[in-house]
Amino acid sequence: MYQMRILGIESSCDETAAAIVEDGRRLLSNVVNSQIDIHAQYGGVVPEVAARSHIEVINPVINKALTDANLGWNDIDAIAVTYAPGLIGSLLVGTLAARTLALVHNKPLYPIHHVEAHVYANFITDQANNLNLELPAKQPTFPMLALIVSGGHSQLALFQSHGDYSLLGQTRDDAVGEAFDKVAKILGLPYPGGPSIATAAEHGDANKYRLPKSKMDNAYDFSFSGLKTAVLRAVQREVGVDTTFPSTELAGLLNEQQRCDFAASFQKTAVETLVDKTVAAFRKHSPASVVIAGGVAANQELRRYLAEQLPIAINYAPMSLCTDNAAMIATLGYYVSTEVEPTPPTEMTVQPSISMNQTAWSKRDA
Ligand code: KG4
Ligand code: ZN
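Cut-offs and rules
Residues numbered from 1 in each chain as written. Chains lettered and ligands numbered in written order. Predicted model: local features only at pLDDT ≥ 70, side-chain atom pairs only at ≥ 80, totals over all residues. Heavy atoms only, no water. Helix = DSSP H or I, 4+ residues; strand = E, 2+ residues; numbered from the N terminus. Buried < 20%, exposed > 50% of the residue type's maximum accessible area, 1.4 Å probe, protein only. Pairing = 2+ DSSP bridges. Axes fitted to C-alpha atoms, helices over the stretch in contact; angles between N-to-C directions. Parallel < 35°, antiparallel > 145°, perpendicular 65-115°, else oblique. Contact = heavy atoms within 4.5 Å. Nonpolar A, V, L, I, M, F, W, Y, C, P; charged D, E, K, R; others polar. Phe/Tyr/Trp six-rings, centres within 6.5 Å; stacked < 30°, edge-to-face > 60°. Lys NZ or Arg CZ within 6 Å of the ring centre and 35° of its normal.

As for its position among the elements, Thr 278 is in helix 8 (residues 256–285). Here Thr 278 falls in the buried class, since its relative accessible area comes to 0%.

Below you can see the structure in the form of structure tokens.
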């Protein structure tokens, strides 16, 4: 028997999502409405367009999460919603829906931090029969080292237990997913850049172009803006133009093989940087488990190389739970609900830019 069934709602960027999870481990339904097709024509997320699209689909997405799980409101014990960080207009749509539903159906409401939640995708180990995801056989054990790599974040965090964690390092400039997206633009590959670079890299020579790895004062901090600029300069050199040449026209001068070679060389350098730092943190802290989280954790080369370099086995979450989803929000909602009082629906606010270690859950006295 389960104790608590949570409906999760996510709308912080360009995915509108709702999911139902039992006791922070068993996924009952998982609905994700992606706006990728809408934003691809602009080459990136347009905040106003994103907010309007969330408004159109949020209620149908939530209703589908309930019907897919064959449940009604009486079967839901609480609502968890992303309140930070993200695009303000997008966050407002999800939180307003959650606040309204919590009031109408009289359910406890928990504000969830999107980046903390990415880590908790790794705690889903069971599912309803119709979902067919390849899930880890068991939950991670503590102490747990988490590499969090998304479009907006690159972080290494060490968890002693649920909600008790410290940040070992973070990005000083661009997040790694952002670097994938920007390098894809330079190379003329479609948005979102992560998956298109990974695909192009399959046909490329990763040793063709030598790209630099930045040295940081704190060994666990990241910097990816230098790598992005290095790719830009190398492409300019390769096609024989100087730095004044318009970067939007650069991709047109690359042939298919050069494009794939650049994708592979960039991916190799970015992945090695992430893995080197994770392995260094592993050696220092000897955690019982390692997890990776966030959209870039869907990268197969990162998974392969990390598994090769670490002395312990890693259980990877399925790719669909690494990119933005509400299953991770509902999962973390369970662990938050055991430690933190629910927030009155009329008092919930959004926090577009607070960092993951600023939440009530991580700040409480353990
Ligand atoms: O976690 P996420 O879905 O959204 C944020 O919270 O930012 O991460 C999106 C990021 C994008 O930068 C995207 O290019 C990247 O994750 N990404 C990937 C892959 N799939 C998504 N990066 C590398 N390889 C992939 N297969
Ligand atoms: Zn995310």
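The rest of the description comes next.
Turning our eyes to something else, we now look at the sheet that holds strand 3 (residues 26–34). Strand order in the open sheet made by the six strands is 5-4-1-2-3-6, with mixed pairing throughout. The sheet is open, and its two borders are formed by strand 5 (109–113) and strand 6 (126–127), each paired with just one other strand. With eight bridges connecting them, strand 2 (residues 15–22) and strand 3 associate as antiparallel partners. Considered in strand 3, the bridge of Glu 22 is made with Arg 26.

It is worth spelling out the packing of helix 5 (residues 176–187) against helix 7 (residues 225–239) at this point. What describes two packed helices is the angle between their axes and the distance between those same axes. It is the contact of helix 5 with helix 7, at a shortest axis distance of 10 Å, that shows an interaxial angle of 10 degrees. Classified by the interaxial angle, the pair formed by helix 5 and helix 7 is roughly parallel. In contact with Lys 182, Val 183, Ile 186 and Leu 187 of helix 5, helix 7 contributes Lys 228, Val 231, Leu 232 and Val 235. Each residue belonging to the contact of helix 5 with helix 7 can be placed in one class, and the counts come to six nonpolar, no polar and two charged.

For the rest of this paragraph, the subject is the packing of aromatic side chains. One pair of aromatic rings is described through two measures. These are the centre distance and the angle between the planes. Here the structure, examined in full by the defined rule, presents 11 aromatic pairs. Where Tyr 120 meets Phe 123, the ring centres are 4.5 Å apart and the plane angle is 15 degrees; that geometry is what we call stacked. The residues Tyr 120 and Phe 123 share a single accessibility class, namely buried. Put simply, the rings of Tyr 120, Phe 123, Phe 142, Phe 159, Tyr 165, Tyr 334, Tyr 335 and Trp 361 pair up and form one aromatic cluster. Over the ring of Phe 222 we find Lys 277; its NZ or CZ atom is 5.8 Å from the centre of that ring.

Purely geometric numbers; function is a separate question.
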